[in-house]
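# Structural characterization, general
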Amino acid sequence: MIRQKSANVPVWRDIYSYAKLPANLQRIEELSHNLWWVWNPDAQRLFKRLSPELWEKTEGNPVMLTKQLSVEALDKISTDTDLLAFLDDVYGKYLDYMNRPVDKTRPSVAYFSMEYGLTNVLKIYSGGLGVLAGDYLKEASDSNVDLTAVGFLYRYGYFTQTLNADGQQIANYEAQDFDQLPITQVTDEDGNPIILEVPFSNHNVYAHIWQVKVGRIDLYLMDTDIDMNSSWDREITHKLYGGEWENRMRQEYLLGIGGVLLLDKLGIRKDIYHMNEGHAALICVQRLINYVQKEQKSFDEALELVRASTLYTVHTPVPAGHDYFAEDLFGKYMGHIPGQLGITWQDLIDLGRENPGSDEKFSMSVFALNTCQEANGVSKLHGRVSQTMFAPVWKGFFPEELHVGYVTNGVHLPTWATERWQDFYKKTFGPDYLENQVKEEMWSKVQKVPSEEIWEIRQAQKRDLIEYIKQTYAESWAKNSGRPDLAMATLEKLDPNVLLVGFGRRFATYKRAHLLFTDIHRLASIVNNADRPVYFIFTGKAHPADGGGQGLIKHILQYSHRPELLGKILFLENYDIRLAQKLIAGVDVWMNTPTRPLEASGTSGEKAEMNGVLNLSILDGWWYEGYRKDAGWALTEKRTFTDQHYQDKLDATTIYELLENEIAPLYYHREGKKSYSEGWVQFIKNSMSYIAPHYTMRRMLDDYYDRFYNKLHDRFLTLTEDNCFHLKELVAWKENVANNWDALKVLEFKQYNENINQNNRINAEGIDKIVLKIDKGELKCDLKVQMVITRSEQDSNKMQLLEIKDFKQLSSEQNRRVVVFGMEGKHSVPGHQKIGIRILPKYDLLPHPMDFAYVLWIAPENI
């Protein structure tokens, strides 16, 4: 019998077919690969005109769109004279923008971050930290500063979120097709991919380098998912914040050490190195190696140069949010480093410990503080919180004295203000409004605009949001809930005439998304008020390992299905940049309810500001500074209860009362026959006039230069002038102090105050005189002597710094070895206090006392 069938297993090869752009459309290729289009409405309109259907299908990805255009479609486009004229106009504006000379008057910057939120198309971000970094690059481009950024190209990025019928978050990691992204692989002169070789402790890790053009700024991304690496090393750049602690260690090693090696390989050297969070702290390790190995500096000299040119920005307000690595894990990856630096293992690991010589884990944040001259929080309040959090690093100083400063976060105006609002700003403020965006006098012109015009823009934005929700979520809601009727009922209730409140952020428990649901009956009465209904839209992701945050999402979704709340409480899944742009511009009020003071800054409310949306927030983060009366609403920053449960209930009650008695009545109030609320629009005008100009990314970038970059660069130049004369002098001075500080002695202490009695009670009118004689021994330094006056806080028993008084040097003896200091004055601070006297080394080249934190407190019996 003849065999009737025979077939082997199919062998398939992946190919991708796309039509080549005609010659007169080649410029589209260049435009699509520069993210300038992300914040340029004309460029976006151009891509949309190529194919409105593909623009939506690709979620606004012009690279993917052009590769899916058929030959027939391209032939038609290439003969469309109107479209070609529009292309000429857009490309001309692009060239004008790109050809503006770089501002060489400002120091150049290398910027390192674990994530960048530039566009929903490029999934290398998870939330606020990344979006802030993305906005920073965009503004650096608009301000035309010399900045280069470094990060990772993640194969899977952060997860895509879906929710099942029970409200359980499902994390989906979807691989990115790099050929479909607005990125370009960096190649050599022959067109071969450049390979970055990063030496780990016992082997090399290899990475491709990808370039993202962000206007005039270059962002370089490392990608280890290549054949040259083992499967273990390929996973380093698979997921953002994915995996266990060892993978985090490998990522931070690659970002810091590999990131500097990347710039070295490309021949890029900058004046200032800025680490966006402690994830990038190891940039200082490779920079130290470069100075020691390539420029033959001693370790101490190298450390001074690195510190004088590096800034650490912290975003996390609690110690638990920082990265700590056990010594054995840290040693596994960093054990070979001390030999390259000429120091011991103990020297290296102690740079990451609050208490050197202890068995503490290695803290990336402490290492950053010890290797950066400057550090900052991301709001005024967060700056103070960071001072308290980092105080243990510098013994002998009080938090209020620390050099840790702040720059309050801002947002990139052209990215977050919708096209309608940008047209409004151009008409109201003039075509150069972006150049004047930080000026309150420009924004004040909004006060003269007819209120009806502003109301109409706001209503149009709400209609856009509602239409987006209906188009985007109808199918998934029906599928995931298993109840198509439920999905339809929800969508039918969306009404642009109803007051909408938005809440969107990372679902961590401290964000307190649950506050609104503290009293369901009261919430139901608010959403169902016949005359003044209020609807709420929630969105956000919880980290896959954060069970508490996922529980909050489930909690809210389940409540939203209750009959009395159906269609009036919505949860939109998969919060990303595209959804954020719609939601933040489309609601009437943006709500934020963190546990104070755990909101380092927050920027979503600032984005709302740029779109005429009012804020209802705790006085925390940026709103602590930004709140203005009659321009939004605030819950006090003062804590009433130590028990968080009771504090939550109080804050929830305050929110209910604000909604019932102030917010909803103001929104729905109509004077005469007006179809809008004059009072509500006046709040919008006040918000734009007095708040918006102070929270743009332009102001933030300027602050970084004014407060940190310029100061760092000036000191670095001082240290390196005259063949590093001042650097060598400084290192020698520090060496002398370190070797001889313990030999410093107080020879004589005299206090004269006839009004002090045996019970240490002082008449405040009396004159206090103190004389102090000090033997410096072999110390070759000047000294500073200070009286420190403190008081214990009743609630916490913490020491509160009241005043610092400096002594004057009265004389010196024995070739300045023995010095006499004196102080005279009234003891002006009343009440119970604690008084101490401390001695510090003094040197003009120190940027601040914490730079060389040597402190000697005089024994109490001598005071």
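Residues numbered from 1 in each chain as written. Predicted model: local features only at pLDDT ≥ 70, side-chain atom pairs only at ≥ 80, totals over all residues. Heavy atoms only, no water.

### Topic: the overall build of the protein
The condition that has to hold: Working definition: helices are DSSP H or I runs of at least four residues, strands are E runs of at least two. Numbering for both runs from the N terminus. In this treatment the radius of gyration is a C-alpha quantity, and the globule benchmark scales as 2.2 Å times the residue count to the 0.38 power. Contact definition: two residues touch when any of their heavy atoms are within 4.5 Å. What sets the accessible areas is the Shrake-Rupley method with a 1.4 Å probe; for residues, cover comes only from the shown protein chains.
A tally of helices and strands in the protein yields 29 helices and 28 strands. Since a compact globule built from 863 residues should have a radius of gyration of about 29 Å, the 30 Å found for the protein is in line with a globular shape. Taken along the three principal axes of its C-alpha coordinates, the protein extends 105 × 75 × 65 Å. Sequence separation of at least 24 residues holds for 72% of the intrachain contacts in the protein that already meet a minimum separation of 6. Accessible surface, the protein: about 36700 Å² in total, of which carbon and sulfur atoms supply 48%.

### What to know about the UniProt feature "domain: DUF3417" (unreviewed entry) in the protein
Test applied: UniProt positions are given in the numbering used here, feature names are shortened, and annotations may be inferred rather than shown by experiment.
Within the UniProt annotation, "domain: DUF3417" (unreviewed entry) is assigned to residues 21-122. Between the end C-alpha atoms of residues 21-122 there is a gap of 23 Å, over a span that is 55% helix and 5% strand.

### Structural notes on the pattern of salt bridges
When charged atoms on two side chains of opposite charge get close, those side chains can pair. Cut-off, in case you're wondering: A side-chain nitrogen of Lys or Arg and a carboxyl oxygen of Asp or Glu constitute a salt bridge if their distance falls within 4 Å. Exposed residues in this analysis have more than 50% of their type's maximum accessible area, buried residues have under 20%, and partly exposed residues fall in between, with area computed by a 1.4 Å probe over protein chains only.
Taken as a whole, this structure holds 44 salt bridges when the rule is applied. Across the salt bridge formed by Asp-42 and Arg-45, the nearest N and O atoms sit 2.0 Å from each other. Of this pair, Asp-42 and Arg-45 both sit in helix α2 (residues 41-50), separated by three residues, roughly a single helical turn. Overall, Asp-42 belongs to the buried group, its relative accessible area being 14%. Of the residues examined, Arg-45 reaches a relative accessible area of 32% and is grouped as partly exposed. One connected set of salt bridges, linked through shared partners, spans Asp-42, Arg-45, Asp-89, Lys-93 and Glu-419.

### A word on the environment of Asn-736
With respect to the helices, strands and loops of the structure, Asn-736 is situated in helix α29 (residues 697-740). Put simply, Asn-736 and Leu-650 are 86 residues apart on the chain and 57 Å apart in space, counted from C-alpha to C-alpha. Setting aside residues up to four positions removed in sequence, Asn-736 forms contacts with Glu-778, Leu-779 and Lys-780.

### Description of the nonpolar core
This is how it is decided: Within this scheme, the nonpolar core is defined by two criteria: the residues are buried Ala, Val, Leu, Ile, Met, Phe, Trp, Tyr or Cys, and they are joined through side-chain atoms within 4.5 Å.
Membership of the largest hydrophobic core comes to 177 residues, with the highest contact counts inside it found for Leu-147, Leu-219 and Met-334. Sort the elements by how many residues they give to this core and α29 lands first, with 16 residues. Each residue touching Leu-219, except ones within four places of it in the same chain, is listed here: Tyr-116, Leu-118, Ile-124, Leu-137, Ala-149, Val-150, Gly-151, Trp-210, Gln-211, Val-212 and Val-214. Of all hydrophobic cores here, the second largest spans 92 residues; its members include Val-449, Ala-513, Val-613 and Ile-618.

### Focus: the pairing of strand β8 (residues 217-223)
Put simply, the test is: DSSP bridges decide pairing: two strands pair if at least two such bridges lie between them.
The buried fraction of β8 amounts to seven of the seven residues, a majority that puts the element mostly inside the structure. Residues Ile-217, Leu-219, Leu-221 and Asp-223 point to one face of β8 and Asp-218, Tyr-220 and Met-222 to the other, with burial holding for every one of them. Strand direction decides the pairing type here: strand β2 (residues 147-152) and β8, joined by five bridges, are parallel. Considered in β8, the bridge of Gly-151 is made with Leu-221. In this structure, the hairpin formed by strand β7 (residues 204-214) and β8 is closed by a connection of two residues, where Gly-215 is found at a positive phi of approximately 65 degrees.

### Let's talk about the sheet that holds strand β27 (residues 834-842)
The strand order across the open sheet formed by four strands is β24-β23-β27-β28, and the pairing between neighbours is antiparallel. On the outer flanks of this sheet lie β24 (799-806) and β28 (856-857), each paired with one strand and no other. Bridge analysis of β27 against β28 gives two bridges, and the strand direction is antiparallel. By the bridge assignment for β28, Arg-838 is matched with Trp-857.

### Looking at the pairing of strand β1 (residues 109-113)
Counted residue by residue, β1 has five buried out of five residues, so it is predominantly covered. Burial along β1 is two-sided: the residues Val-109, Tyr-111 and Ser-113 and Ala-110 and Phe-112 are all buried. The pairing of β1 with β2 spans four bridges and is parallel. Bridging from a neighbouring strand, Ala-110 pairs with Thr-148 of β2.

### Thoughts on the packing of aromatic side chains
Where we set the bar: Note on aromatic contacts: the rings of Phe and Tyr and the six-membered ring of Trp form a pair at centre separations within 6.5 Å, being stacked when their planes are under 30 degrees apart, edge-to-face when over 60 apart, and tilted otherwise.
Counting across every chain of the model gives 47 aromatic pairs. Seen from their ring centres, Phe-517 and Tyr-559 are 5.4 Å apart, and the 15 degrees between their planes marks the pair as stacked. Taken together, the residues span a long stretch of sequence, with Phe-517 in the loop between β15 (499-504) and α22 (520-527) and Tyr-559 in helix α23 (residues 547-560) at a distance of 42 residues. A relative accessible area of 4% means that Phe-517 is categorised as buried.

### Some details on the packing of helix α11 (residues 299-307) against helix α15 (residues 364-371)
Put simply, the rule reads: In this analysis an axis means a line fitted to C-alpha atoms, helices contributing only their contacting stretch, and an angle means the value between N-to-C directions, from 0 to 180 degrees. With respect to orientation, any angle under 35 degrees is reported as roughly parallel, any angle over 145 as roughly antiparallel, any angle of 65 to 115 as roughly perpendicular, and every other angle as oblique.
Between α11 and α15, the shortest axis-to-axis distance is 8 Å and the interhelical angle comes to 95 degrees. Taken together, the axes of α11 and α15 are roughly perpendicular relative to one another. The segment α11 lies against α15, with Leu-303, Val-306 and Arg-307 engaging Leu-369, Asn-370 and Thr-371.

### Section: the UniProt feature "modified residue: N6-(pyridoxal phosphate)lysine" (unreviewed entry) in the protein
UniProt annotation of "modified residue: N6-(pyridoxal phosphate)lysine" (unreviewed entry) refers to Lys-607 when read in the numbering used here. Within the secondary structure, Lys-607 sits in helix α25 (residues 604-609). Excluding residues that lie within four positions of it along the chain, Lys-607 makes contacts with Val-131, Val-411, Trp-416 and Ile-584.

### Structural notes on the packing of helix α7 (residues 128-142) against α29
The condition is simple: Residue polarity follows a fixed list, in which Ala, Val, Leu, Ile, Met, Phe, Trp, Tyr, Cys and Pro are nonpolar, Asp, Glu, Lys and Arg are charged, and the others, Gly among them, are polar.
The N-to-C vectors of α7 and α29 enclose an angle of 85 degrees; their axes lie 9 Å apart at closest approach. In terms of orientation, α7 and α29 fall into the roughly perpendicular class. Between α7 and α29, the residues in contact are Leu-132, Asp-135, Tyr-136, Glu-139, Ala-140 and Asp-142 and Met-697, Arg-698, Met-700, Leu-701, Tyr-704 and Tyr-709, respectively. For the contact of α7 with α29, the per-class residue count stands at eight nonpolar, no polar and four charged.

### Considering the sheet that holds strand β18 (residues 589-592)
Strand order in the open sheet formed by six strands is β17-β16-β15-β18-β19-β20, with parallel pairing between adjacent strands. Two strands lie at the open edges of the sheet, namely β17 (569-572) and β20 (633-635), each paired on one side alone. Averaged over all neighbouring strand pairs, the angle between strand axes comes to 20 degrees, with direction disregarded. The pairing of β15 with β18 spans two bridges and is parallel. Each residue of the ladder has a partner; that of Gly-502, found in β18, is Trp-590. Seen against the sheet, α22 touches β16 (534-539) and β17 and runs at an angle of roughly 115 degrees to β16.

### Quick look at the side chain of Glu-115
The condition that has to hold: Two N or O atoms count as a polar contact when they lie within 3.5 Å, although within protein this holds only if one can serve as hydrogen donor and the other as acceptor, and sequence-adjacent residues are included solely when both atoms are side-chain atoms.
Inspection of the secondary structure puts Glu-115 in the loop between β1 and α7. Reaching out from Glu-115, the side chain makes a polar contact with the backbone nitrogen of Ser-126 at a distance of 2.7 Å. Among the polar contacts listed, one links the side chain of Glu-115 to the side chain of Tyr-241, at a separation of 2.7 Å. If sequence neighbours within four positions are ignored, Glu-115 has contacts with Ile-124, Tyr-125, Ser-126, Gly-127, Leu-129, Gly-130, Ala-133, Leu-240 and Tyr-241.

### Notes on the environment of Tyr-312
Here Tyr-312 shows up in strand β10 (residues 310-313). A relative accessible area of 0% places Tyr-312 in the buried class. A sequence separation of 73 residues divides Tyr-312 from Lys-239, and the C-alpha atoms of the two residues are 24 Å apart. Look past the residues within four positions of Tyr-312 in its chain and what remains in contact with it is Met-275, Glu-277, Gly-278, His-322, Ser-365, Ala-368, Leu-369, Cys-372, Glu-374, Ala-375, Asn-376 and Phe-390.

### So, α23
Which entries qualify depends on this criterion: Multiplying 1.5 Å by the residue count of a helix minus one yields the expected span of that helix.
Between its first and last C-alpha, α23 extends 20 Å over 14 residues, near the 20 Å set by a 1.5 Å rise per residue. Of the positions making up α23, those classed as buried are Gly-549, Gln-550, Leu-552, Ile-553, Ile-556, Leu-557, Tyr-559 and Ser-560. Two or three places before Gly-548, at the opening of α23, Asp-546 has a side-chain oxygen 3.2 Å from that residue's backbone nitrogen.

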